[in-house]
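Structure at a glance
Read off the chains here:
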Amino acid sequence: MPLKVEAAGSRCLLTKFEDQVVVVTGAGSGMGQAMVQEFVAEGARVAALDINFVSAKRTVEGLDNPESALAVEVDVSDVESVEASIRQVREWAGRVDVLCNNAGIIDSFRPAHEISLAEWHRTLAVNLTGPFLMSRAVIPQMLEQSGGAIINTASISAFSAAGGGTAYTASKHGVLGLTRQLTFDYGRQGIRVNAICPGATATGLTMPEGGSETLPDSETEIARTPAGRWCEPREIARMAVYLASEDAAFIHGAAMVIDGGWLTAARNPI
Ligand SMILES: NC(=O)c1ccc[n+]([C@@H]2O[C@H](COP(=O)([O-])OP(=O)(O)OC[C@H]3O[C@@H](n4cnc5c(N)ncnc54)[C@H](O)[C@@H]3O)[C@@H](O)[C@H]2O)c1
């Protein structure tokens, strides 16, 4: 699709995503909120989905042009909620070009013999079944449109242990498997599927209001990384924009690590 260039004062705005509709889950906070902001800034119309409708609405109302976005309530782990949310998006915008499967929860960092079955099921349901259900709901529309892009927020926990507990690490390894199988099944039909694998990023997940009894203190390890700092949510959102764009047309089934060098250098084995 040709780029539309608009003069804006002395600046030129490249509206790469004009006429495109982007769905972002986990849009009420952290990386998802930054994705909504970045895609809207690129000219897209964006559906901001979150289980917390108030926070999704806050994301939309905080935009310079809130009319470009729609807040939608969804629980990505619930099939009926997912299908209702996509119906709402289609009624609003008529199409879906990009899906960012970004909603996720952290577990309590417990090893296998200590984690409850309920925590295991909930973590897998949100982090892995969620991206599956959302993808399943939008793929027919993308096939009708002869293409689309799906971007799954995985984690460095898709490659290594200790970024979470048993359930979180297993769920994020699963997200990479889902990314690869969807690539295999739909790439030839114009749907590109890729994953982003962030390292420690400053969001509500790592820095919850009121603190957390189970999150480990990551400061020492972060200080040991080559970057030596937390990642900002916008840095992840810019990768999502890139992966969704024509510039990434040859990128299928990739796992883009953005971790300040954590996987390379940070972990000091026990
Ligand atoms: N923050 C990090 O260091 C880090 C590192 C690697 C990967 N990730 C992944 O990045 C993604 C975004 O996390 P974040 O750090 O921005 O966290 P966050 O807690 O700031 O945002 C997550 C959002 O997901 C929403 N959500 C939770 N359960 C949901 C559900 N069932 N349905 C719909 N929405 C739901 C929450 O309400 C919240 O708004 C997650 O998949 C997370 O696993 C985070």
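Located above this text is the structure these notes cover.
The written sequence of each chain sets the order in which its residues are numbered from 1. Per-residue local features of the predicted model are confined to residues with pLDDT of at least 70, and side-chain atom pairs are confined, for both listing and counting, to 80 or more; whole-chain, interface and lining totals are unaffected and use all residues. The side-chain numbers reported here are obtained from all heavy atoms of the structure, hydrogens and water having been left aside.

Paired strands, in this sense, are two strands between which DSSP finds at least two bridges. A run of H or I in DSSP counts as a helix once it spans at least four residues, and a run of E counts as a strand once it spans at least two, with each numbered from the N terminus. Read from one edge of the open sheet, seven strands run S5-S4-S3-S6-S7-S8-S9, paired in parallel fashion. Of all the strands in the sheet, just strand S5 (69–73) and strand S9 (255–258) have a single pairing partner and so form its edges. Each strand axis lies, on average, 15° off the axis of its neighbour in the sheet, ignoring direction. Both strand S7 (residues 148–153) and strand S8 (residues 191–198) contribute to a ladder of six bridges, which runs parallel. Along S8, the bridge assignment pairs Ile 151 with Asn 194. Between two residues, a contact is recorded if the distance between any of their heavy atoms is within 4.5 Å. Interaxial angle, 0 to 180 degrees, is taken between N-to-C directions of lines fitted to C-alpha atoms, where a helix line uses only the stretch in contact. With respect to the sheet, helix H4 (residues 117–144) is in contact with strand S3 (21–25), strand S4 (45–50), strand S6 (98–101), S7 and S8, its orientation differing from that of S6 by roughly 175°.

With their axes 8 Å apart at the nearest point, helix H1 (residues 30–41) and helix H7 (residues 233–244) run at an angle of 50° to one another. Put simply, H1 runs oblique to H7. Like other packed secondary-structure pairs, H1 and H7 cross with a definite hand, here right-handed. Each of Gly 30, Met 31, Ala 34, Met 35, Glu 38 and Phe 39 in H1 lies in contact with H7, whose residues at this interface are Pro 233, Arg 234, Ile 236, Ala 237, Arg 238, Ala 240, Val 241 and Ala 244. Grouping the constituent residues of the contact of H1 with H7 by class yields ten nonpolar, one polar and three charged. The scheme is simple: roughly parallel for angles under 35 degrees, roughly antiparallel for over 145, roughly perpendicular for 65 to 115, oblique for anything else. Left-handed is the label given to a crossing in which the near helix is rotated counterclockwise from the far helix by less than a right angle, and right-handed is the label when the rotation is clockwise. Three classes are used: nonpolar for Ala, Val, Leu, Ile, Met, Phe, Trp, Tyr, Cys and Pro, charged for Asp, Glu, Lys and Arg, and polar for all others, with Gly counted as polar.

Our focus in this paragraph is the packing of aromatic side chains. In this scheme Phe, Tyr and Trp rings, the latter by its six-membered ring, pair at centre separations within 6.5 Å, and the angle between planes marks the pair as stacked below 30 degrees, edge-to-face above 60, and tilted otherwise. Going through the model one piece at a time under the given rule, you end up with one aromatic pair. Pairing Phe 17 with Phe 39 gives two aromatic rings, centres 5.4 Å apart and planes at 85°, and the pair type is edge-to-face. Here Phe 17 is found in the loop between strand S2 (11–15) and S3, whereas its partner Phe 39 is found in helix H1, with 22 residues between them in sequence. Over the ring of Trp 92 we find Arg 45, and its NZ or CZ is 5.7 Å from the ring centre. For a Lys NZ or an Arg CZ to count as sitting over a ring, it must be within 6 Å of the ring centre and within 35 degrees of the ring normal.

In this structure, Ser 146 takes a positive phi of about 65° despite not being glycine. On the secondary structure map, Ser 146 appears in the loop between H4 and S7. We call a residue buried when its accessible area falls under 20% of the maximum for its residue type, exposed when it is over 50%, and partly exposed in between, using a 1.4 Å probe and counting protein chains only. Note on Ser 146: relative accessible area 58%, which makes it exposed. Non-glycine residue Ala 162 carries a positive phi angle of around 80°. By secondary structure assignment, the location of Ala 162 is in the loop between S7 and helix H5 (166–186). Classification of Ala 162 by relative accessible area gives partly exposed; the value is 38%.

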